Amino acid sequence: GINAEYGHLVLLYREGILNGSPDLKEQAIIGLREAIQLTDAPALKPSVVQITGPLIRVLGERYSQSVKMACLDTLSLLIEKVKVALKPFLSQLQTTFMKSLNDTSRDVRCRGVTALTKLVTLHSKVDNLFTDIHNGTKNENLSTRETMFGALHGTMYLGGAGMSPNLQVSIANTLKLNMGAPEDTVRTANGACFGALATFYKEEDLVKDIREGVLSAPSTKEARHGRVLALAGLARYAPGRLAKLDLVEEVCEGTLKALESDNVQVCNAASYAASRLIIHLQGTGEHGELLDGLVAGLATNCAHTSNDIRLFATSTIHHISISGCPPLSDTHTRSLLVPLLDSTTRKTPPGLRVASELAIATLLRLKSDTELADRVSGALDAKSSDTYGRFLPTAKRVAADYKTYSTIENDIFASLTPV
């Protein structure tokens, strides 16, 4: 760390931020961020007032997007480091970050969302913040509306439990209304928001909204996609809550039905939901029949006539295998392996073939040994067994590559700020 030198660096960077040219301001803010990164929290706290004020001031003026982005990144890091020491600036920071959500630059808006998700954890009374964000989801400007839904997702997941019951109901009504929104991006963020809301929403209201809203028959193709995205949000963020409320079976059945869709968006959202439910069920050891159905549904989609559906389903199997959940049974592993092997031939599109290689290498846990692979391969049909024999050396090479295990999840919510 640079604890001893930090105080001197602050004076230098502060001068550049306050009085430098736009280019110098940007470099000073970037330098300050690096210094904050290398300094321990106790050493940072005495200078919080000195650096926070100038950063807020710069964000309130007309500077380039790169300067704003640097400011927001630095303030986000500072919140993460010193937390409650920034409480005196809470109101100013909230106003400043909310303003950034309306910026013309998407990069600035995204960084504003990240900053707000950090800030919400400092709030003891969150209603004002959530009211502002909720109102923003009704903005006529599509870019702003998308950003506000993204902000609602992150802030609700990290700090929504402190929201008043009336505001929770109001937000829930907005989310139900937007399940059939015409824009894909809004529907996607809306689905993630529903999952975040489910982590703390009043039990009887949540059960009612899932049964009457998410699991009800949709009237349009957009609504069908939006409802499956809500299922994916529930499976991603609130599987434990579903189990507590005895909703796992109903959500799994809704997911299985969606897995049979020929619509790529619906089917991929269902595959993602299925993968998350499989991870949950493997961890609990419950609902064996539901687990059987979900695995069979993913196996079917790995052999789908649509390459887009096959690719997404294949990538979810890889994610299940590296998620840390208990290994699948030999029967489940074999049912998934067969369609994956069919996707390793030369006739298969390159992207799908690579995804299949990754999925097989991790599904069979070839990084450690071939015990599972030997057991499962012994029960394959003749065609699959022949393909397996030719493909095994490739699978072992893939399994030995450390990059195989750092692959980013093919997440339908990847466009949103991670929480």
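Everything below is about the structure printed above this text.
Cut-offs applied
Residues numbered from 1 in each chain as written. Predicted model: local features only at pLDDT ≥ 70, side-chain atom pairs only at ≥ 80, totals over all residues. Heavy atoms only, no water. Helix = DSSP H or I, 4+ residues; strand = E, 2+ residues; numbered from the N terminus. Rg over C-alpha atoms; globule rule 2.2 N^0.38 Å. Contact = heavy atoms within 4.5 Å. Areas by Shrake-Rupley, 256 points an atom, 1.4 Å probe, with all protein chains shown as cover. Lys, Arg positive; Asp, Glu negative; His and termini not counted. Charge placed at Lys NZ, Arg CZ, Asp CG, Glu CD. Core = buried A, V, L, I, M, F, W, Y, C linked by side-chain atoms within 4.5 Å. Buried < 20%, exposed > 50% of the residue type's maximum accessible area, 1.4 Å probe, protein only. Axes fitted to C-alpha atoms, helices over the stretch in contact; angles between N-to-C directions. Left-handed = near helix turned anticlockwise from the far one by under 90°. Nonpolar A, V, L, I, M, F, W, Y, C, P; charged D, E, K, R; others polar. Salt bridge = Lys/Arg side-chain N within 4 Å of Asp/Glu carboxyl O. Expected span 1.5 Å × (residues − 1). Phe/Tyr/Trp six-rings, centres within 6.5 Å; stacked < 30°, edge-to-face > 60°. Lys NZ or Arg CZ within 6 Å of the ring centre and 35° of its normal. Patch = residues over 30% accessible without salt bridge, like charges linked within 9 Å, V, L, I, M, F, W, Y side chains within 5 Å.

1. Re the overall build of the protein
Secondary structure assignment for the protein yields 22 helices and 0 strands. A compact globule built from 419 residues would reach a C-alpha radius of gyration of about 22 Å, and the protein, at 24 Å, matches this within 12%. Taking the principal axes of its C-alpha atoms as reference, the protein extends roughly 75 × 50 × 35 Å. Residue pairs at least 24 apart in sequence account for 72% of intrachain contacts in the protein once pairs closer than 6 positions are excluded. On the protein, roughly 18,600 Å² of surface is accessible, and the fraction owed to carbon and sulfur atoms is 51%. Each charge class in the protein can be summarised by its mean position, and for the 44 positive and 44 negative side chains these summaries are 4 Å apart.

2. A look at the nonpolar core
With 134 residues, the main nonpolar core has Phe-97, Phe-130, Met-156, Leu-175, Phe-194 and Phe-413 as its most contacted residues. In contact with Phe-413, not counting residues within four places along its chain, are Thr-188, Gly-191, Ala-192, Leu-229, Ala-232, Gly-233, Arg-236, Tyr-237 and Tyr-272.

3. Observations concerning the packing of helix α2 (residues 22–37) against helix α4 (residues 48–59)
Here α2 crosses α4 at 145°, and the two axes come no closer than 12 Å. When the axes of α2 and α4 are compared, the crossing they make is left-handed. Facing α2, whose interface residues are Ile-29, Leu-32 and Ile-36, α4 presents Ile-51, Leu-55 and Val-58. Taken together, the residues that form the contact of α2 with α4 break down as 6 nonpolar, no polar and no charged.

4. Some details on the pattern of salt bridges
Opposite charge on two side chains allows them to pair when their charged atoms are near. Tallied over the full model, the rule gives 13 salt bridges. Between Glu-80 and Lys-118 there is a salt bridge, with its nearest N and O atoms 3.4 Å apart. Here Lys-118 lies in helix α7 (residues 106–119) and Glu-80 lies in helix α5 (residues 65–82), a separation of 38 residues in the sequence. Residue Lys-118 is classed as partly exposed on the basis of its relative accessible area of 23%.

5. What about helix α13 (residues 221–237)?
Taking 1.5 Å of rise per residue, the 17 residues of α13 would be expected to cover 24 Å, and the 24 Å separating its terminal C-alpha atoms lies within 8% of that figure. Judged by how many residues are buried, α13 sits mostly within the fold: 14 of 17 residues are covered.

6. Focus on the environment of Ala-235
One can find Ala-235 in helix α13. Sequence separation between Ala-235 and Gly-31 is 204 residues; the distance between their C-alpha atoms is 41 Å. Residues contacting Ala-235, with those up to four places away along its chain left out, are Ala-273, Arg-276 and Leu-277.

7. Here's the deal with the packing of aromatic side chains
Inspection of the entire model under this criterion finds 3 aromatic pairs. Stacked on the ring of Tyr-405, the Lys or Arg Lys-367 has its end atom at 4.5 Å from the ring centre.

8. Focus: helix α18 (residues 307–322)
Taking 1.5 Å per residue, 16 residues should reach 22 Å; α18 reaches 23 Å between its end C-alpha atoms and fits that length. Those residues of α18 not exposed but buried are Ile-309, Arg-310, Phe-312, Ala-313, Thr-314, Ser-315, Thr-316, Ile-317, His-318, His-319, Ile-320 and Ser-321. Tucked inside the fold, the buried residues of α18 contact α16 (264–284), α17 (288–301), α19 (330–342) and α20 (350–363). Where α18 ends, the next residue or the one after it, Gly-324, has phi of about 95°, a positive value.

9. What to know about a negative patch on the surface
Together, Glu-249, Glu-253, Glu-289 and Asp-292 line one region of the surface with negative charge. Those elements that place two or more of their residues in the negative patch are α15 (248–259) and α17. Here Glu-289 shows up in helix α17. Assessed through its relative accessible area of 73%, Glu-289 is described here as exposed.

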